[in-house]
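The lines below spell out each chain.
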Amino acid sequence: AIGQETSERIWEDIKKAGYINEAGEILDTFDPNGPNFDLKVSEEFADIKPEIIDEISRYVFKNRVADARQKKSVGFQKAVQLREDFGELWDRIKHRTRFRVQFDTAELVNRAVERLKDLPPITALEMHTTKVEVAVTKAGVDTDIKLDEKSTRLEPVAVLPDILAYLQKETELTRHTLVKILKRSGRLGEFKVNPQKFMALAGREISRALHDLMLKGIQYEKIAGQHWEMSRIEKDAEDGISRYLTNLYEVQNKEKCLFDHIEFDSEVEKRFARDLDNNENVKLFVKLPRWFKIDTPIGPYNPDWAFVTEREEKLYFVRETKSTGDKEELRNKENQKIECGKRHFAAIDVDYAVVTSLAEVSF
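Keep in mind that what you see is a predicted model, and the values were worked out from it rather than measured.

Conventions used here
Residues numbered from 1 in each chain as written. Predicted model: local features only at pLDDT ≥ 70, side-chain atom pairs only at ≥ 80, totals over all residues. Heavy atoms only, no water. Patch = residues over 30% accessible without salt bridge, like charges linked within 9 Å, V, L, I, M, F, W, Y side chains within 5 Å. Areas by Shrake-Rupley, 256 points an atom, 1.4 Å probe, with all protein chains shown as cover. Salt bridge = Lys/Arg side-chain N within 4 Å of Asp/Glu carboxyl O. Helix = DSSP H or I, 4+ residues; strand = E, 2+ residues; numbered from the N terminus. Buried < 20%, exposed > 50% of the residue type's maximum accessible area, 1.4 Å probe, protein only. Pairing = 2+ DSSP bridges. Axes fitted to C-alpha atoms, helices over the stretch in contact; angles between N-to-C directions. Contact = heavy atoms within 4.5 Å. Phe/Tyr/Trp six-rings, centres within 6.5 Å; stacked < 30°, edge-to-face > 60°. Lys NZ or Arg CZ within 6 Å of the ring centre and 35° of its normal.

Together, Val132, Val134, Val136 and Val141 line one region of the surface with nonpolar side chains, adding up to about 380 Å² of accessible area. With respect to the helices and strands, Val134 occurs in strand β3 (residues 126–137). On the basis of relative accessible area, Val134 is assigned to the exposed category, the value being 54%.

Set out below in structure tokens:
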């Protein structure tokens, strides 16, 4: 969070540089995929250039529609896979794990009850209607003249859905536990007012309480004889890997990477790939494939990078890249998966952390 005043200064910077007009519309001069593009902002914002680019990119309409003709086949570097460095890296990170969870039901009930109590009031459904005059002009259809507008609060439903069946499916908790949570919350009266909204919010909050408690007591252990097969990478390459050009970084030092291009999801990832590529102490790096997934209670987690460095000694790292390392600013689900990632890699003795840039990695 940078605050409104700083946001306004950035806005003025990008407007002055010609990336947006007075109305805030993004102009063609903003082209982060261009070969020589460098965002022109004041020196005080230099450290957050990737985050600024990512934020502006979210509002570029052409980014929402991908041109299938603008795809490129990613080349596989067999010689890199055969390197001793890569074999040692993969031997360290390849191990699969399983997790065990222990939690106290009474603590879960207390946490869930507090979450339900903190929900805002749930009101009845309302239907809003607006009546306008339609005029057909040379410019098109005009609906600027508003004739009438009203809101109608709908009556409570006559037949209530099975809330316990719904919550059991969402949380996998017993009916007994769910009844205890709902009764103690003191909010059941609002279920009749708006059943769908009440069930959705109750399911979400109970699930969050459960996940928080599960992660508090989760433990990972290595599964003997089970690991991700290195040969699967080559199989992917043989089947053909095709990605959109707008999301590809071309590797310059091709002897350091398994593929000649790296797919990135954000400007932060693109910068990290470039820094790995250019740093003379990074001997080898790989963006972990999508099937390299760690099991967690809230779904699979796919870490970002694995790489090898060498200065006084050879070091092996796995890193997750985010635009911020602040737990408060990362979404709750992201934090939970990252926490599971930490415990998985701790169980197999691999150096893992979340970073915003390569400069944060000590080697």
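Having seen the structure, we can now continue with the description.
Each strand in a sheet pairs with its neighbour through backbone hydrogen bonds, running either in the same direction (parallel) or in the opposite one (antiparallel). Ordered by their spatial adjacency, four strands build an open sheet running β9-β10-β11-β12, and the pairing between neighbours is mixed. The two strands at the open ends of the sheet, each matched to only one other strand, are β9 (282–287) and β12 (351–355). Across the sheet, the mean angle separating the axes of adjacent strands is 25° when strand polarity is ignored. Note: strand β11 (residues 314–321) against β12, five bridges, orientation parallel. Paired with Phe317 across the strands is Asp351, a residue of β12. Where helix α11 (residues 267–278) meets the sheet, it contacts β9, β10 (305–310), β11 and β12, and its direction lies at approximately 25° from that of β10. Lying over the sheet, helix α12 (residues 332–347) contacts β11 and β12, oriented at roughly 160° with respect to β12.

Throughout the structure, instances matching the rule amount to 28 salt bridges. Look at the salt bridges and you will find they share partners, linking Arg115, Arg204, Glu205, Arg208 and Asp212 into a network.

This next bit is on the packing of aromatic side chains. As enumerated under the stated definition, the model contains 15 aromatic pairs in all. With a centroid separation of 6.2 Å and an interplanar angle of 80°, the aromatic rings of Tyr19 and Phe30 are classed as edge-to-face. Separated by 11 residues along the polypeptide, Tyr19 in the loop between α1 (3–16) and α2 (49–57) and Phe30 in the loop between α1 and α2 bring together distant segments of the chain. Here a set of aromatic residues connected by ring pairs shows up, and it is made of Phe86, Trp90, Trp228, Trp291 and Phe292. Over the ring of Trp305 we find Lys287, and its NZ or CZ is 5.5 Å from the ring centre.

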